[in-house]
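Listed below, chain by chain, are the residues.
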Amino acid sequence: MGVLHTEIAESDRRAEIDGTELYPPHNLPDTFTIREHDHEFTFYPKGVDRFQALLDHIASARKSVYCFWFLYEEDEIGVRVKEALIEAARRGVETRLYIDSFGSGAEDAFFEDFVEAGGHFKQFASLWDKRFLIRNHQKMAIVDRKRVMGGGFNISNHYFASPEVDGWCDLGVKMEGPVVERFNEWYDGIIDFMESDEADFTSVRDMVRDWDAGDGPVRLIMGGPTAVSSEWAVRLKEDIASGERVDLVTAYFSPPRTMRRVLRKAARHSRLRMILASKSDFAITVLAARLHYRRLRRSGAQLFEYQPSKLHMKLMVIDDIVYFGSGNLDMRSIRLNLELMVRVESAELADRMRGLIDDLEAESRPIDKSWFKQYAGWSDRLRWLTSSFMLRFVDYNLSRRFNLGPSKLKNARRVGKFDYT
């Protein structure tokens with residue numbers, strides 16, 4: 001079962017104004033590697049490169065492959081990744097796969113051949129047990145406890161296909177170095193939680209609360225079910241508050257009031273640029289984000305909506321600090337979901353990531369007076385308010401049943417056949 005795409009139809013990336021192409025053809029940078037602080041980080045902005053890197057990552061395993069994803073679909077990508085895991089299990093590699101029961105369309109029966117080959121499979125949380133509210137939104141594949149591949153992507157055609165066939169714009173990262181040991185520590189703890197019949201909401205909350213991200217230039221920072229903002233969001237707010245230049249890319253934007261206040265202050269006293277989604281599989285996330293545009297613009301923020309495709313990237317650059325991982329700037333990521341973010345202090349990496357954000361901006365529509373004139377009528381604002389309420393107080397599974405978009409919102413096709421070549 002694929003994820004349906006709901007499109008906000010003002011996004012014609014080849015529209016022309018006075019004969020000038022408004023949005024140039026979709027163009028993301030090639031794979032690149034940064035070596036910093038005894039680490040190696042390889043970034044995969046393009047879906048086809050990201051998919052091949054994931055297959056190669058699994059194929060390189062000699063002792064173990066530990067995978068944890070929020071969403072897993074029974075489509076071509078899901079089959080290919082499962083086949084790679086089966087091959088690993090058959091050659092004697094300890095192979096474990098965990099997915100979130102809420103986020104995934106794949107059923108247990110889909111993984112029976114993986115289990116028969118010797119793999120271990122389990123879903124995170126039953127929809128109806130005492131862990132109901134907790135979503136594992138983390139994404140990671142750990143190979144031989146020495147290399148990690150993570151980022152924002154899940155296992156579905158959408159996360160690797162090109163914009164022309166309805167793909168997501170996302171980011172994958174392969175990591176080697178001391179931070180991998182922190183991934184191992186977290187993975188061991190979360191698996192102990194999953195395998196325990198006694199573990200409950202407070203258990204995982206304590207795990208997140210007690211996690212020590214350290215104070216070095218490369219940190220693995222956690223998020224989870226807390227009464228206040230998670231550690232990664234607290235650290236991010238501190239960096240934004242002291243930063244002179246802030247560039248953010250976020251798929252979903254409906255943060256708590258404290259985060260909005262920090263962003264508006266940054267807009268007034270520093271350079272704040274944000275790339276946000278104009279399309280999503282979940283239309284009310286786009287509408288809820290738009291509720292906050294006016295105050296951010298009045299504070300001086302530069303806002304843009306990405307046009308060529310759905311946006312799923314999570315990337316934050318503050319001066320010479322870069323954040324990447326699974327966390328969005330929304331209420332659920334900041335206060336409830338299990339999230340992981342990597343924080344790297346590197347002027348070289350920050351410069352490369354700002355170049356990537358420049359590429360995204362070139363294919364985005366600025367949120368300016370003409371945008372508000374066209375898309376901020378009273379009925380639009382009412383939908384924004386309703387969407388924001390739904391995201392904050394109604395479970396996603398129920399929220400998805402409501403179509404709160406204007407007439408410009410329409411259901412589009414599922415992703416077509418994925419080209420692996």
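On a predicted model such as this, the values are computed, not experimentally measured, just so you know.

Parameters and conventions
Residues numbered from 1 in each chain as written. Predicted model: local features only at pLDDT ≥ 70, side-chain atom pairs only at ≥ 80, totals over all residues. Heavy atoms only, no water. Axes fitted to C-alpha atoms, helices over the stretch in contact; angles between N-to-C directions. Helix = DSSP H or I, 4+ residues; strand = E, 2+ residues; numbered from the N terminus. Parallel < 35°, antiparallel > 145°, perpendicular 65-115°, else oblique. Left-handed = near helix turned anticlockwise from the far one by under 90°. Contact = heavy atoms within 4.5 Å. Nonpolar A, V, L, I, M, F, W, Y, C, P; charged D, E, K, R; others polar. Core = buried A, V, L, I, M, F, W, Y, C linked by side-chain atoms within 4.5 Å. Buried < 20%, exposed > 50% of the residue type's maximum accessible area, 1.4 Å probe, protein only. Pairing = 2+ DSSP bridges. pLDDT = per-residue confidence, 0-100.

The next subject is the packing of helix H1 (residues 47-59) against helix H2 (residues 76-90). Each pair of packed helices can be described by the angle between their axes along with the distance between the axes. In contact at an axis separation of 9 Å, H1 and H2 are set at 15 degrees when each is read in the N-to-C sense. As judged from the angle between their axes, H1 and H2 are roughly parallel. Read as a crossing pair, H1 and H2 show a hand that is right-handed. Contact residues: H1 offers Phe51, Leu54, Leu55 and Ile58, while H2 offers Ile77, Arg80, Val81, Ala84, Leu85 and Ala88. Looking at side-chain class alone, the contact of H1 with H2 contains 9 nonpolar, no polar and 1 charged residues.

The next point concerns the nonpolar core. In terms of nonpolar packing, the biggest core is built from 89 residues, with Phe183 and Met353 touching the most fellow members. Sort the elements by how many residues they give to this core and helix H4 (residues 179-195) lands first, with 9 residues. Not counting the four nearest positions on each side in its chain, Phe183 is found in contact with Met140, Ile142, Val148, Met175, Leu220, Leu340 and Val342. Residues Ile58, Ala61, Ala84 and Ala251 belong to the second largest nonpolar core, which totals 40 residues.

The strand order across the open sheet formed by 8 strands is E13-E23-E21-E20-E14-E16-E18-E24, and the pairing between neighbours is mixed. Both outer strands of the open sheet, strand E13 (218-223) and strand E24 (364-366), are each paired with one neighbouring strand and no more. For this sheet, the mean inter-axis angle between neighbouring strands, taken without regard to orientation, is 20 degrees. Pairing of strand E20 (residues 314-318) with strand E21 (residues 321-325) involves 4 bridges; the strand directions are antiparallel. Residue pairing for E21: Met316 is matched across the bridge by Tyr323. Each of E13 and strand E23 (339-345) touches H4; the most contacted strand, E13, lies at about 25 degrees to it. Its contacts with the sheet place helix H11 (residues 347-362) against strand E14 (245-250), strand E16 (271-277), strand E18 (302-306), E20, E21, E23 and E24, and it is angled at close to 120 degrees to E20.

A word on the confidence of the model for the protein. Confidence in the prediction for the protein averages 84 pLDDT; 83% of positions are at 70 or higher. Residue range residues 126-131 is modelled with pLDDT below 50. Its contacts to residues more than four positions away, or to other chains, number 15 contacts. Per-residue pLDDT stays below 50 along residues 405-421; that stretch engages in 52 contacts with residues further than four places along the chain or on separate chains.

With that out of the way, let us pick up the sheet that holds strand E5 (residues 39-44). An order of E4-E5-E12-E10-E9-E6-E7-E8 is seen for the 8 strands of this open sheet, with the pairing classed as mixed. In this open sheet, the two strands that pair with only one neighbour each are strand E4 (32-36) and strand E8 (120-124). Taking each pair of neighbouring strands and ignoring which way they run, the sheet shows an average axis angle of 15 degrees. Sheet topology places strand E6 (residues 64-69) next to strand E7 (residues 94-100); 6 bridges connect them, and they run parallel. Note on E7: the bridge partner recorded for Ser64 is Glu94. Packed on one face of the sheet, H11 meets E4 and E5 and runs near 160 degrees to E4.

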